[in-house]
Amino acid sequence: MRIGNGYDVHKLVSGRELILGGVNIPFEKGLLGHSDADVLVHAIMDALLGAAALRDIGYHFPDTDPKFKGISSIELLKRVKKLLADKGYTVVNVDATVIAQRPKLKDYIDEMIINISSALETDRANVNVKATTEEGLGFTGEGMGISAFASCLIEDQ
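Structure report, in brief. Given the structure is predicted, the values throughout are model-derived calculations rather than measurements. (Residues numbered from 1 in each chain as written. Predicted model: local features only at pLDDT ≥ 70, side-chain atom pairs only at ≥ 80, totals over all residues. Heavy atoms only, no water.)

Counting its secondary structure elements, the chain contains 5 helices and 7 strands. Each helix and strand of the chain, placed in order from N terminus to C terminus, yields the pattern β-β-β-β-α-α-α-β-α-β-α-β. Relative to its length of 157 residues, the chain is compact, with a C-alpha radius of gyration of 15 Å against a globular reference of 15 Å. Viewed in the frame of its principal axes, the chain has a C-alpha envelope of about 45 × 35 × 25 Å. The buried share of the chain, taken over its 157 residues, is 47%. Restricting to contacts in the chain with at least 6 residues of sequence separation, those with at least 24 account for 71%. (Helix = DSSP H or I, 4+ residues; strand = E, 2+ residues; numbered from the N terminus. Rg over C-alpha atoms; globule rule 2.2 N^0.38 Å. Buried < 20%, exposed > 50% of the residue type's maximum accessible area, 1.4 Å probe, protein only. Contact = heavy atoms within 4.5 Å.)

Right under this line is the structure:
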């Protein structure tokens, strides 16, 4: 068994879609990034890669590579799952938290779990997603960005 953790943050900007957990969430701003900037999935990928000692998402999917421009982070998560499988690991569980003052995310969490568990080819019961605010404090509380933390457990196949 191996444990990993991940963190990601992106700035909120006008003119971008807000994608979290592979779900397009109606909002006046989206996250700035080279890919779709899905902070939730990015944090999960870093947790999984870290658990397997496979570096991080910037190493595997650099923001300087045009082939990753605008790519779906769910597609990248599928690639991470394959990297894990190639090293002989399976996902035991993932637990993640999104930190955003707005929008409220509770109505989208079930769909996020479905998307993430499907990409990881694991049962939905093995994926947990939570959302919280920072009560108006810090860059997320002021609506300047969204961040996410993730932890995971993987094991040898």
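Attention now goes to the pairing of strand 7 (residues 145-156). Both strand 1 (residues 2-13) and strand 7 contribute to a ladder of 10 bridges, which runs antiparallel. Across the sheet, residue Gly-6 finds its bridge partner in strand 7, namely Ala-150. In this sheet, strand 7 lies alongside strand 5 (residues 89-99) in antiparallel orientation, the contact comprising 10 bridges. Across the sheet, Thr-97 pairs through a bridge with Phe-149, a residue of strand 7. (Pairing = 2+ DSSP bridges.)

Take unusual backbone geometry next. Following Arg-102, the chain continues to Pro-103 via a peptide bond in cis, the omega torsion being -5°. Of note, Ala-53 is a non-glycine position whose phi angle comes to about 55°, a positive value. With respect to the element layout, Ala-53 can be found in the loop between helix 1 (39-51) and helix 2 (57-60). Classification of Ala-53 by relative accessible area gives exposed; the value is 56%. Backbone geometry places Glu-121, a non-glycine residue, at a positive phi of 55°. Looking at the secondary structure, you find Glu-121 in the loop between helix 4 (109-120) and strand 6 (127-132).

This part takes up the nonpolar core. When a protein is soluble and globular, its nonpolar side chains tend to lie buried together. Counting 48 residues, the largest nonpolar core has Leu-20, Ile-44, Leu-48, Leu-77, Ile-116 and Ile-146 as its most contacted members. Mapped by element, the contributors of at least two residues to this core are strand 2 (18-20), strand 3 (23-25), helix 1, helix 3 (73-86), strand 5, helix 4, strand 6 and strand 7. Here this core takes 10 residues from helix 1, the largest share from any one element. (Core = buried A, V, L, I, M, F, W, Y, C linked by side-chain atoms within 4.5 Å.)

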